[in-house]
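Each chain, letter by letter, is given below.
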Amino acid sequence: MTTSFRRSPLGLAILGLLEGGPLHPYGMQQLIRQWGKDQVINVGQRATLYKMINRLCEADLIKVRDTTRNHQYPERTSYELTDAGRAASRQWMAEILSTPRNEFPEFPAALSFLPMLTPETTSDLLSKRRELLVQRLAERDAILATELEGFQLPRVTMLETEYLRAIIHAELDWVDAVLAGLNDGSITWSREQLQAIAAQLKL
């Protein structure tokens with residue numbers, strides 16, 4: 001079975017959480033944070049979560065299980081996975097894991113327009129980015145150390161953190177190489193040089 005529903009990390013997370021049984025939206029949000037999935041899934045806005053739940057309901061991928069009322073809490077609606085939702089989650093996992101997708105991140109887009117800046121400005125900005133990357137790398141190392149401390153967790157539970165750390169480490173290495181090129185002059189440009197090249201290409 002296939003679905004035309006446009007997949008998203010949040011949609012996949014909801015389907016994945018409901019594999020374990022019915023949940024209400026607040027419970028979903030709390031589990032995503034408790035399990036550290038907010039590293040890769042944005043649940044900062046409750047309204048976004050509710051909107052996705054409504055879309056999944058409209059697509060019959062999840063359905064209302066029940067609504068509870070308690071004088072201590074607001075009315076809570078619990079949702080459960082449908083057979084179509086379970087099939088969709090498997091389809092999405094197969095597509096995401098097997099096929100790289102061009103997600104058009106903003107950093108490469110900015111790199112493609114570096115000639116708008118001078119090499120000196122670029123070096124200053126990338127140096128600031130490097131500092132933040134070093135901080136993020138340390139944060140990922142701390143998360144991995146904390147997750148391992150006192151528990152023998154299966155490695156599968158930490159793979160997204162390992163992946164994020166590997167991506168940050170690779171970017172840090174790349175930024176270091178570019179900064180080295182900017183500093184020794186092997187990477188340089190000027191507006192006049194680029195305009196001359198553009199003029200030659202028009203001939």
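Look up: the structure comes first, before these words.
Definitions and limits used
Residues numbered from 1 in each chain as written. Predicted model: local features only at pLDDT ≥ 70, side-chain atom pairs only at ≥ 80, totals over all residues. Heavy atoms only, no water. Salt bridge = Lys/Arg side-chain N within 4 Å of Asp/Glu carboxyl O. Helix = DSSP H or I, 4+ residues; strand = E, 2+ residues; numbered from the N terminus. Buried < 20%, exposed > 50% of the residue type's maximum accessible area, 1.4 Å probe, protein only. Axes fitted to C-alpha atoms, helices over the stretch in contact; angles between N-to-C directions. Parallel < 35°, antiparallel > 145°, perpendicular 65-115°, else oblique. Left-handed = near helix turned anticlockwise from the far one by under 90°. Contact = heavy atoms within 4.5 Å. Core = buried A, V, L, I, M, F, W, Y, C linked by side-chain atoms within 4.5 Å.

(A) Layout of the pattern of salt bridges. This structure, assessed with the given rule, holds 11 salt bridges. With a closest N to O distance of 2.5 Å, Glu171 and Arg129 form a salt bridge. Here Arg129 lies in helix α6 (residues 119-148) and Glu171 lies in helix α7 (residues 159-184), a separation of 42 residues in the sequence. Under the relative-accessibility criterion, Arg129 is labelled partly exposed at 29%. Note that Arg155 is salt-bridged to Glu162, the shortest N-O span being 2.9 Å. Of the residues examined, Arg155 reaches a relative accessible area of 56% and is grouped as exposed. Of the residues examined, Glu162 reaches a relative accessible area of 25% and is grouped as partly exposed. Salt bridges linked by common partners bring Glu19, Asp83, Arg86 and Arg90 together as one network.

(B) Fine view of the packing of helix α1 (residues 9-18) against helix α4 (residues 83-98). Direction vectors running N to C along α1 and α4 enclose 130 degrees, while the axes themselves pass 10 Å from each other. Taken together, the axes of α1 and α4 lie oblique to each other. Considering how the two elements wind past one another, α1 and α4 form a crossing that is left-handed. Each of Gly11, Leu12 and Leu15 in α1 lies in contact with α4, whose residues at this interface are Gly85, Ala88, Ser89, Trp92, Met93 and Ile96.

(C) Representation of the nonpolar core within the structure. Core analysis: the largest hydrophobic core is formed by 25 residues, its most contacted members being Ile14, Leu56 and Ile62. Put simply, the parts of the chain that give this core at least two residues each are α1, α2 (25-34), α3 (46-58), β2 (73-81) and α4. With seven residues, α1 is the single largest residue contributor to this core. Once residues lying within four places of it in the same chain are set aside, the contact partners of Ile62 are Ile14, Leu15, Leu18, Ile53, Leu56, Cys57, Tyr79, Glu80, Leu81 and Thr82. By size, the runner-up hydrophobic cluster in this structure holds 11 residues, among which are Leu133, Leu137, Val175 and Val178.

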